[in-house]
Amino acid sequence: MTSSQARPSKAINKDVLSILLCLSMFCSTQGQISQLEFNQENDGVNMAYAEQEEWLQILQKNPLNLNKASIGELRDSRILSEQQIADLLFHIKVNGPLMSIYELQVIPSWAKLNLPEISSFFHVNNDLQSYNVSLGKLLIQGEHQIIMRFGQQFPKKSGYTSNNYLGNPSQIFMRYKYNYSNKLYYGFSGEKDAGEPMFGTQNKLGFDFYSAHLFWKVNRKLHTLAIGDYHLNLAQGLTVYTGFGFNKSTDQSNIKKGGNTLKPYNSINEANFLRGAAFTFRWNKSFLTPFYSYRQMDASFQYTDSTQSILNSLRPQSSGYHRTLNELNNKRRLGHQAYGAEYVYENLNITAGVRWIQQRFSQAIKFPESLHNAFEFQGKTLNHISMDYSFSFRKAHVFGETASSINKTKSSFAILHGLSMYPHHSLQLNLLHRYYSPYYTISPALQANAFAESTKPINEHGVFMGFSFKPNRRWQFAGYLDYYKFPWLSFQSKKPSDGFDFLCSLGYHPNKKTAFTLLYKREEKEKNTHIILGQNNSFLINERNKPFISNAFTSIDLYEEDNQLLLRPQANLSRQRIEETTFITPHINQSIRVQLSFQPARYWTLNTRLSFSFFNDQLHSPNRGTLLFQEVKFKHPELPIAFNARISYFDIQSFDSRIYTYESDVLYQFSIPSFFDSGIRYYLNTSLKVSEKIQIWMRFAHTHYLHVKSKGSGNDEIPGNKLYDLKLQLRLSF
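Notes on the structure in this doc start here.

Some words on the overall build of the chain
Step number 1: In terms of regular secondary structure, the chain is built from 11 helices and 35 strands.
Step number 2: The C-alpha radius of gyration computed for the chain amounts to 26 Å, which stays within 12% of the reference 27 Å derived for 734 residues, consistent with globular compactness.
Step number 3: Principal-axis analysis of the C-alpha atoms places the extent of the chain at approximately 85 × 65 × 55 Å.
Step number 4: For the chain, the proportion of its 734 residues judged to be buried stands at 54%.
Step number 5: Sequence separation of at least 24 residues holds for 65% of the intrachain contacts in the chain that already meet a minimum separation of 6.
Step number 6: When the accessible surface of the chain is summed, it comes to about 32,000 Å², and 57% of that surface belongs to carbon and sulfur atoms.
Step number 7: Between the averaged position of the 78 positive side-chain charges in the chain and that of its 58 negative side-chain charges there is a distance of 6 Å.

So this is what it looks like as structure tokens:
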């Protein structure tokens, strides 16, 4: 792994595209990018974000008819707030179908949107929506799309030179997709990660991962049919939510999840999807969705001895990598079956639903015995039931979900309730409370993506408060405060702990060509901390860390040198004991970001950002980081070529004060590298429209580190201080 690369998981380098162009007129875009940058550890969100962007590009080509769109379709756009959706439906109910897109100006909550740009995603049509399209027309008269992508990093990692990686360093992706007017989708894809073998004895099927799907909006009764790979999004994500969904962000409309239960699967995430069949049957205002899935998962088996007679742990794996013999041995070793049903009643202002899902594994999941794993799911079968609701009343929208997990050994619950208030069309206030019992369990096979500080909705109790205020088109203020507790041990703390997040942002848009953003975030969370003795075999004691040292070590001698107190190994305190002792201290992360976007001329955009980071774990000396980048973009609607380029300088003292920064990429991709150490990075991203049917993308990136001789470790170690990335992509549309 390199510091200019995101973490070594497939999820990091997946996807972003035209949402950042299509939604540039909405202030929520910057909030969504900030959410990705500040929460980069959550890989599943990043992959699903790519699919959401692709959906928005499809929406541009096939805009939703506001007179006919369902509540789920309006929520799926991620453009409209609950208040805007409720006001639109009420306006249509009272006044009849919209006659023009500009009629929306009379709805107060829509007044702040730019209606000409809104028309990129929505339109008004009073013709009856027809499902009576012949099967032949559905199957062949839509839009066909083929994408082929190649990527590689240079120089080679040590895993290739040592032959630990069985394949070559190239990443290859291919996909065919068909879409008829958002009514019928079908397609398939194949992907090989860098280091994975392709063909040959280790992988005779060619690509390492294949996916196929068919998704059909049949008629008003059989609302949706999904066959093959698909997404399942249940309520607020307490049980299963495999699709896109943000949590904390300056975009306050993101705290509630919504949209259709079933969606086509277009990602190359090899872990978080269902494979089988599902359908949604509609009767008046009721929706019934039964679903079934079976697939083979990766899993690691660890035994207590070399005879492999006693199993110590069996855990599903989600990285999707199959580069080494060990990773290949874990491939598709565990069967996973999921089935259940959801019933939802959906009215103009009220939605209520109940659901049940059972998941079965071919072998019992087992975690090593430890206090940290005391409440992890173990066994073969896990059941979930849940109820959710939402309703709108005047200027308020209330929502929530209560879920219960049930298996042979225990059962428990998780609850989430939220309130969004709109006292004025320019002001939104949010309040969300959640309690996820330590005993509540979720499946390691399918993601539960509820609002949470952790990546899973377990072992957490918290309250979130947020606001967004836009007094006019020029100014926007937003922020939130989230306080949370972990009643049991967490991954980063050996005892119950707590913490809080605080974020505030200011946006100023004096005109259509200029935008200024100022953002501050502070996060304080109790975590495990260890002392690191320096080269002089000593540790500096100060007023900040002395209480922690005194509580952990009694009857020790502190040495004084140059008017400084030092902790050193001694007769009754070895170096090993000092460095293995775990302290629980507040870890404080602070970030400041200033960004200016400016259009000096038509078709040209300049972006300048200055970011600061500060980290303090109360034991070691605080450290900081600085990142500055300059970006230029060019896109002319009448020219076949477009490009964007960026150069960044970073000086960051440690991994703890690392800075994540979103970077543009080829179509349907994005990257959010983490920067630490010191160096310079630049990239060039270009596209060439050869014809209406053929388009080519190329991306080249280079990172030059100033004070290191190699990057990464183990199989991912790269010699030298210069890293290169090349990516090529071809799209055929017909």
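Once the structure has been displayed, the description carries forward.
What about the nonpolar core?
Step number 1: The biggest cluster of nonpolar side chains holds 21 residues, and the ones touching the most others in it are L66, L74, I79, L80, L88, L104 and F122.
Step number 2: Elements that contribute at least two residues to this core include exactly α3 (43–61), α4 (71–76) and α5 (82–95).

A few points about unusual backbone geometry
Step number 1: Put simply, F154 and P155 share a cis peptide bond, and its omega is -10°.
Step number 2: Mapped onto the secondary structure, P155 falls in the loop between β3 (143–154) and α8 (158–161).
Step number 3: Here the phi dihedral of N459 falls at roughly 50°; this positive angle occurs in a residue that is not glycine.
Step number 4: Looking at the secondary structure, you find N459 in the loop between β17 (427–436) and β18 (460–469).
Step number 5: You can call N459 buried: its relative accessible area is 9%.

Some remarks on empty space enclosed by the protein
Step number 1: Across all of its chains, the model carries 14 cavities of 30 Å³ or more by this definition.
Step number 2: By volume, the second largest cavity amounts to about 430 Å³.
Step number 3: Along the walls of the second largest cavity sit 30 residues, with G259, N260, T261, V344 and E346 positioned nearest its centre.
Step number 4: Among the elements of the structure, α4, β7 (222–232), β10 (286–303), β12 (334–346), β13 (350–365), β14 (379–393) and β15 (396–406) are those that each provide at least two residues to the lining of the second largest cavity.
Step number 5: A breakdown of the residues in the lining of the second largest cavity according to their chemical character gives 8 nonpolar, 15 polar and 7 charged.

Concerning the side chain of E82
Step number 1: Among the secondary structure elements, E82 is positioned in helix α5.
Step number 2: Overall, E82 belongs to the buried group, its relative accessible area being 15%.
Step number 3: Ignoring any residue separated from it by four or fewer positions in sequence, one finds E82 in contact with R75, K256, H397 and Y422.

Topic: α5
Step number 1: Between its first and last C-alpha atoms α5 spans 20 Å; for 14 residues at 1.5 Å apiece the expected length is 20 Å, and the two agree.
Step number 2: Of all 14 residues that make up α5, 10 are buried, and the element is covered over most of its length.
Step number 3: Taken residue by residue, α5 has E82, Q83, Q84, I85, A86, D87, L88, L89, H91 and I92 as its buried positions.
Step number 4: Close packing links the buried residues of α5 with α4, β14, β15 and β16 (411–424).

A look at the pairing of strand β9 (residues 274–283)
Step number 1: By the bridge criterion, 8 bridges tie β7 to β9 in an arrangement that is antiparallel. Counterpart to D229 in the pairing with β9 is R275.
Step number 2: Pairing of β9 with β10, which is carried by 6 bridges, proceeds in the antiparallel orientation. Bridging from a neighbouring strand, G276 pairs with S293 of β10.
Step number 3: Here β9 folds back onto β10 in antiparallel fashion, the turn holding 2 residues, of which N284 has a positive phi close to 55°.

Things to note about a nonpolar patch on the surface
Step number 1: Together, F279, F281, W283, L288, Y343, Y345, V354 and M387 line one region of the surface with nonpolar side chains, adding up to about 760 Å² of accessible area.
Step number 2: Of all the secondary-structure elements, those providing two or more residues to the nonpolar patch are β9 and β12.
Step number 3: Ranked by residue count, the leading element in the nonpolar patch is β9, at 3 residues.
Step number 4: When you line up the elements, L288 lands in strand β10.

Details of the side chain of Q359
Step number 1: Tracing the sequence through the fold places Q359 in strand β13.
Step number 2: Reaching out from Q359, the side chain makes a polar contact with the side chain of S443 at a distance of 2.8 Å.
Step number 3: Not counting the four nearest positions on each side in its chain, Q359 is found in contact with V240, H336, Q337, A338, K380, T381, L382, S443, A445 and L446.

Thoughts on the pattern of salt bridges
Step number 1: Within this structure, the stated rule accounts for 25 salt bridges.
Step number 2: The closest approach of N and O atoms between D716 and K157, which form a salt bridge, is 3.6 Å. Here D716, found in the loop between β33 (710–711) and β34 (718–719), pairs with K157, found in the loop between β3 and α8; they are 559 residues apart in sequence, far enough to count as distant.
Step number 3: Taking the relative accessible area as the measure of exposure, D716 reaches 14% and is therefore buried.
Step number 4: Classification of K157 by relative accessible area gives buried; the value is 17%.
Step number 5: K711 is the partner of D677 in a salt bridge, and the nearest nitrogen-oxygen pair spans 2.4 Å. Placement of D677 in strand β31 (residues 677–689) and of K711 in strand β33 is noted, with a sequence separation of 34 residues between them.
Step number 6: Judged by its relative accessible area of 5%, K711 falls in the buried class.
Step number 7: Through salt bridges that share partners, K248, R434, E453, E460, D482, D501, E523 and K525 make up one connected network.

Some thoughts on the environment of R568
Step number 1: Following the sequence through the fold, R568 ends up in the loop between β24 (564–567) and α11 (575–580).
Step number 2: Using a relative accessible area of 23% as the deciding quantity, one classes R568 as partly exposed.
Step number 3: Along the chain, R568 and K693 lie 125 residues apart, while their C-alpha atoms are 70 Å from each other.
Step number 4: Other than its neighbours up to four places away in sequence, R568 contacts N537, S538, Y559, E561 and I578.

Looking at the sheet that holds strand β22 (residues 539–541)
Step number 1: Reading across the sheet, the 3 strands line up as β22-β24-β23 and stay open at both edges, with antiparallel pairing between neighbours. Looking along the sheet, the strands with just one partner apiece sit at the ends: β22 and β23 (559–561). Shown here is a sheet whose adjacent strand axes are inclined to one another by a mean of 45°, direction ignored.
Step number 2: Note that β23 and β24 share 3 bridges and pair antiparallel. Opposite E560, over in β24, you have L565 as the bridge partner.

What counts as what
Residues numbered from 1 in each chain as written. Predicted model: local features only at pLDDT ≥ 70, side-chain atom pairs only at ≥ 80, totals over all residues. Heavy atoms only, no water. Helix = DSSP H or I, 4+ residues; strand = E, 2+ residues; numbered from the N terminus. Rg over C-alpha atoms; globule rule 2.2 N^0.38 Å. Buried < 20%, exposed > 50% of the residue type's maximum accessible area, 1.4 Å probe, protein only. Contact = heavy atoms within 4.5 Å. Areas by Shrake-Rupley, 256 points an atom, 1.4 Å probe, with all protein chains shown as cover. Lys, Arg positive; Asp, Glu negative; His and termini not counted. Charge placed at Lys NZ, Arg CZ, Asp CG, Glu CD. Core = buried A, V, L, I, M, F, W, Y, C linked by side-chain atoms within 4.5 Å. 1 Å grid on protein atoms, 1.4 Å probe; cavity = no way out; pocket = protein on both sides within 12 Å on 5 of 7 lines; lining within 4 Å. Points joined across faces, edges and corners; volume = space filled by probe spheres on them. Nonpolar A, V, L, I, M, F, W, Y, C, P; charged D, E, K, R; others polar. Expected span 1.5 Å × (residues − 1). Pairing = 2+ DSSP bridges. Patch = residues over 30% accessible without salt bridge, like charges linked within 9 Å, V, L, I, M, F, W, Y side chains within 5 Å. Salt bridge = Lys/Arg side-chain N within 4 Å of Asp/Glu carboxyl O. Polar contact = N/O pair within 3.5 Å; in protein donor to acceptor, adjacent residues only side chain to side chain. Axes fitted to C-alpha atoms, helices over the stretch in contact; angles between N-to-C directions.

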